[in-house]
Amino acid sequence: MLERYKPLEIEKYWQDQWLENQPWKVSEDGNKPKYYLLEMFPYPSGRIHMGHVRNYSIGDVVARFKRLQGYNVLHPMGWDAFGMPAENAAIQHGTHPAVWTKENIANMRTQLKRMGLSYDWSRELATCDPDYYRWEQLIFLKMFEKGLAYKKSAAVNWCPECETVLANEQVEEECCWRCENKVEQKELDQWFFRITSYAEELLEWTGKLPGWPESVLTMQRNWIGKSTGAEIEFSVEGKDQSVRVFTTRPDTLFGATFMSLAPEHPLAETLTVSERREEVAAFIKKVQNVDQIQRSSDEYEKEGVFTGSYCVNPVNGAKMPVFLANFVLMGYGTGAVMAVPTHDQRDFEFARKYDLPMQVVIQPEGETLDPATMTEAWEGPGTMVNSGDFDGLDNDAGKEKVSAALEAQGAGQSSVNYRIRDWLVSRQRYWGTPIPIIYCKDCGAVPVPEQDLPVKLPIDIEFTGEGGSPLAKLESFVNTPCPQCGQPARRETDTFDTFIESSWYFLRYASPHCETSPVDQAAVDYWLPADQYIGGVEHAVMHLLYARFWTKILRDLGMISLDEPFENLLTQGMVCMETRSCPEHGWLYPEEVEDGRCSRCQAEAVSGRNEKMSKSKKNVIDPDGLIKRYGADTARLFTLFAAPPEKDLEWNDQGVEGCYRFLNRIWRLVYDNLATIDDVSEVDTGTLSSAAKDLRRLVHRTIKKVTEDIDGSFHFNTAIAAVMELVNSISAAPDKEAAPEVLREAIESVVRLMAPFVPHICEELWQELGYEDSLDECGWPVWDEDALLADTLLIVVQVNGKVRGKVTVAADADKDTVEAAALADTNVMRFIADKTVRKVIVVPGRLVNIVVG
RNA sequence: GCCCGGGUGGCGGAAUUGGUAGACGCAAGGGACUUAAAAUCCCUCGGGAGUAAUCCUGUACGAGUUCGAUUCUCGUCCCGGGUACCA
C-alpha cells in the first residue's frame, strides 16, 4: 500500500474499471425491489458548473446508498439539448447550434465521467435527436386530435429593428438586448396546450404527494389559483350586447357601480362611442407598452378611460359606466370586472380618481361605513345591506344565494375560475422541435401523417438574429404538398417550447431505445414513478407542473398507466456567488479579478449582489480546476459537506482544503493500522474491555446516524461530520491495539460509510483491506442495537431554566434518583439554598429543571 | 406587486418532538517536530467580567405563549428564488 493518498491515480484506475465493466447498467429484474433515482438533466451550456456538481453529487450518494441496500437502481443521464443559448452562440460566433450543442455534450459527458457518477450510460439521450423528438411530435398530433392542442392569437415581444421575437430574458428595461430599440407587443397565431382542462386534477393531486416539500406544493396550488365565485352577465344599454364578468364576490353585486374592461377586451372597440375613440385608442396604445407584472402591481398607478357606454346592473337596474382600466388583465377570468369600489381596494382607488359613485353593501360588525368618509375599501366579512331581499344576510352565505338568484333569472351562475392559463408552446425560433403541421389554403391546419414523422429540423440554415424565424426563410423546408389534397402548402415554421422535452424525458429513460412508441409500457410500469427526483428549487412550479401535466396526458392517450411521475422530490438550493463587474469590461469571471481589480484595465472591480451562479453574470466557478487539483472525491465531498442540500450554498473555496485533509486522514488511518488489523478474529462482545466497548459503541452509533441522515433527510453534511468524529475518536482511542478486531470493525466502517460520498478512495482502501469484491457487493453496514447502549447518562440540571450543573447517573436510574442527584449538585445548591423549590421538571435521559421562587 | 423560502461566531454550518446554543469543518492566534519549508501533531477561539470556580449576555429586530424558545404565535426589517418566451 502506498503511504500517500494520490487521488488522481486512484480515480483514473477506478473510472477505467467502471467504463469497462459498466456496473450500473440495469434492466428490469423481478427479484430485487426497484429504485428509480432521477436528477434533472442539464442543459448543455458548455461546461458543468457547481450547481451540476452539487445536484449530481447529491443524487449519486442516494443512488450508491440504495444500491448498497439491495435495490435495483435506475440512475440515468441525458441532455436537455434544445434552447436559446445554442442559437445565441450561432448568432454571435457563427457556430451551428447542432455543432455547438454536440461539442458541449461531449465536453460535459467527459466532465461528469470524471466525477465518478454511477450512471447507466447506455440510456443516455439528447432531446435534439430526431429519435427523441419524433415521439413528441406524435404525442402532439394525438393531442391535436383530441382538442388538447389548439391555436389562438397571443402577444409576443417584438423588436421592430431586428424584426424578431424576443424572449422575456432578451428584453432589458423594455428594450431589445441586441439593438436597444424599444420592444413592442405583437399578436401572433400560436399553439397552446389545454393545461386548464387538467387544472382541477393537478390541484387535487397536490394533496396526494406526501413525498414533496410542502413549499413546492403550495407554490403549485397558488399558481393554479382556483377561486370560486360567479359569472355574471351585464347587458349593455341600448345595444344588443352583454359583458360577462367573473367575480369571487357575488355578495357585493348590489354595490357594483361601474365596469372595468381590459384594454385588450374584444368589446373594447365596439363599446367605444365615436366621440371618445381617439382618447381610448391612445390609452390602449399606452397600456400595451407596459408588461403584465407591472400592470398588476399594487403600486402601479391605476388609470382608465371611459368608453361612453353603460351596462345595467341585473339586480337593481343601476346604470354602470364602462371603463377600460390598465389593471384589468385579459388573461384572467373574462377580462372584465364589475367594480365595487366600497369593497375592493383597486376599484376604490379607481373610483376616487374618476369620481365614480360608491355604495356600501357589506357592513362589518360594530362599524358603520360611509362612502363619504371611507379611506380604503372594506374587503372583510360583514352583513349585507342595500341589497334588496338579501339584506341582513351574512355576506359569506350571500355569495351562494346571489349566484342562485342570478341563475334563476338567467343572468349568471356560480363558477370556478383558475389563475393558470393554457400553455403557449409555439416559439419563433430555430433550435427546437418542429411542430408537425402543414397549412393548406383549402384544408387549413393539417397534421403531418404519422408515417411521415419525424419532421426533421433542417441543418442547412443561416443565422443572423434578424428578420424573423430562420426556418421560415428556408423554402425547401417550408414548401410541401398538403397531405390531404396534395396541392402546394406550407409547413409550420415555429418550434416547440423546450419545456415540452423536459416534460417526459424521465419516461423515455425507462425504454430509451424503443422504436415503436414513445415509451414501452411494461418498462414504464416497472420503473415509474421515479422514487426520488432531485433538482433546483427554481423549477418548483413550471417544469414540475408541466411534467405532471404531460404524464397525465400520456396516461389519457393510453400510453402509460401512471397518475404522477415523481414519488419524492428534493429541491436543492442554488449555488450562489457574488457578482463582480468592471466599469469598462462589464461582468468579470473570478479569475479576471486580481487583488480586487480588473485584470485587463486595472480598474477597481465593483462587488455586486450574491446570486445564483450563472454564465451570463460570470459569477461561476469551474469545477474542473477543483478536480484537477484535489480529485473528484474531494470536489464531491466538499459540495456535500458545505451545506444541507435544500439550502442555498454560498460559494467560498476555503473549505475545500479541509475536505482533502480529511480524505488524507482516512488514508493514513488505514495505512498506519493495516499491520495491526491484518489477521483478526470476529468481535466477541462478551469479553471487551471498557475502552473497546466505548469505541465499538461510537462505531455503531455512527452507522446508525449516517444511515438515518442519508435515508430520511438527505443531511449529508451531518452524516459526514459524524464520520469525521469517528475518525478523530479512532485515532485518539486509548489502547486500541489491544482489541484489533474492534479496531478493524471501526476502520472498515469508516470506509463503508464513506463509500457513497467518495467512491474512488473507498474502493481503493477496501481492496487494501484485503477484499477482492467491490464495495458494491458487500452491502450497507447494519448497526447492532446492543452496542449502542451506554451504562451512564449525563443529565443537565437547570434552575429556573438556566444551566447550573451536570450530573452523571446510571442509564436505568429512576426519576427520583435523578431528581435527588440534581438537588445534590454543589453548584445547583448555591442557587436553591435560600429559596423555595416550587416545582421540579424531569425530562428522562435529558434534563432536570428546578423552579424556585 | 404577488407567491415560496431564508436570516445562528471572523466564515460554512450543528442543535431529536420546545430541553446544555455553536457539533463538524474552515480561517486566525500560540506551541511541538524540522537546518528550513511542506506535511503532521497539541492548545486557544461568540462578546463581557473574573487569578479561578463561576457569573452576565448572546440565534436579524420588537412583542407574546412556556418551568424552559434558535425551535411555536403575531408584527417589522433585510436577503434569495419564481412570476408563464432563460433553463
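Here, the structure is the one placed above.
As the structure is a computational prediction, the values presented were derived from the model and not from experiment.

A. Spotlight on helix H18 (residues 656–673). When the terminal C-alpha atoms of H18 are compared, their 26 Å separation across 18 residues agrees well with the 26 Å that a helix rising 1.5 Å per residue should span. For H18, the full list of buried residues reads Val656, Cys659, Tyr660, Phe662, Leu663, Asn664, Ile666, Trp667, Leu669, Val670 and Asn673. At its buried positions, H18 is contacted by helix H1 (7–21), helix H16 (623–630), helix H17 (632–642), helix H20 (716–732), helix H21 (740–754) and helix H22 (759–768).

B. Main features of the packing of H17 against H18. The interhelical angle for the contact between H17 and H18, taken along N-to-C directions, is 120°, at an axis separation of 9 Å. The angle between H17 and H18 places the two elements in the oblique class. H18 is crossed by H17, and the crossing has right-handed handedness. Residue-level contacts link Asp633, Thr634, Leu637, Phe638 and Phe641 of H17 to Val656, Cys659, Tyr660, Phe662 and Leu663 of H18. Residue composition of the contact of H17 with H18, by class: eight nonpolar, one polar and one charged.

C. Representation of the pattern of salt bridges. A complete count under the given rule lists 36 salt bridges for this structure. Between Arg244 and Glu233 there is a salt bridge, with the nearest N and O atoms lying 2.3 Å from each other. In this pair, Arg244 sits in strand E11 (residues 242–247) while Glu233 sits in strand E10 (residues 226–236), placing the two residues 11 residues apart along the sequence. When salt bridges that share partners are traced, they join Glu201, Arg548, Lys552, Arg555, Asp556, Asp563 and Glu564 into one network.

D. Inspection of helix H4 (residues 97–114) at higher detail. Helix length check: H4, at 18 residues, gives a terminal C-alpha distance of 25 Å against a target of 26 Å (1.5 Å per residue), a fit within 8%. Every buried residue of H4 is accounted for by Pro97, Trp100, Thr101, Asn104, Ile105, Met108, Gln111 and Leu112. Axial view of H4: buried residues confined to an arc of 130°, hence all on one face. In H4, those exposed residues whose orientation departs by more than 90 degrees from the buried face are Lys102 and Thr110. Gly116 occupies a position one or two residues after H4 and carries a positive phi of about 70°.

E. Spatial organisation of the protein's contact with RNA strand B. Near RNA strand B you find 73 residues, and of these Asn168, Arg429, Ala642, Arg846 and Asn849 are the closest. Of all atoms in RNA strand B that approach within 4 Å of the protein, 70% are sugar or phosphate atoms. Contacts to RNA strand B include Met84, whose backbone N or O atom sits 3.1 Å from a phosphate oxygen. The separation between a phosphate oxygen of RNA strand B and a polar main-chain atom of Glu169 is 2.8 Å.

Rules used throughout
Residues numbered from 1 in each chain as written. Chains lettered and ligands numbered in written order. Predicted model: local features only at pLDDT ≥ 70, side-chain atom pairs only at ≥ 80, totals over all residues. Heavy atoms only, no water. Helix = DSSP H or I, 4+ residues; strand = E, 2+ residues; numbered from the N terminus. Expected span 1.5 Å × (residues − 1). Buried < 20%, exposed > 50% of the residue type's maximum accessible area, 1.4 Å probe, protein only. Contact = heavy atoms within 4.5 Å. Axes fitted to C-alpha atoms, helices over the stretch in contact; angles between N-to-C directions. Parallel < 35°, antiparallel > 145°, perpendicular 65-115°, else oblique. Left-handed = near helix turned anticlockwise from the far one by under 90°. Nonpolar A, V, L, I, M, F, W, Y, C, P; charged D, E, K, R; others polar. Salt bridge = Lys/Arg side-chain N within 4 Å of Asp/Glu carboxyl O. Arc of directions from axis to C-beta. Near = heavy atom within 4 Å. Polar contact = N/O pair within 3.5 Å; in protein donor to acceptor, adjacent residues only side chain to side chain.

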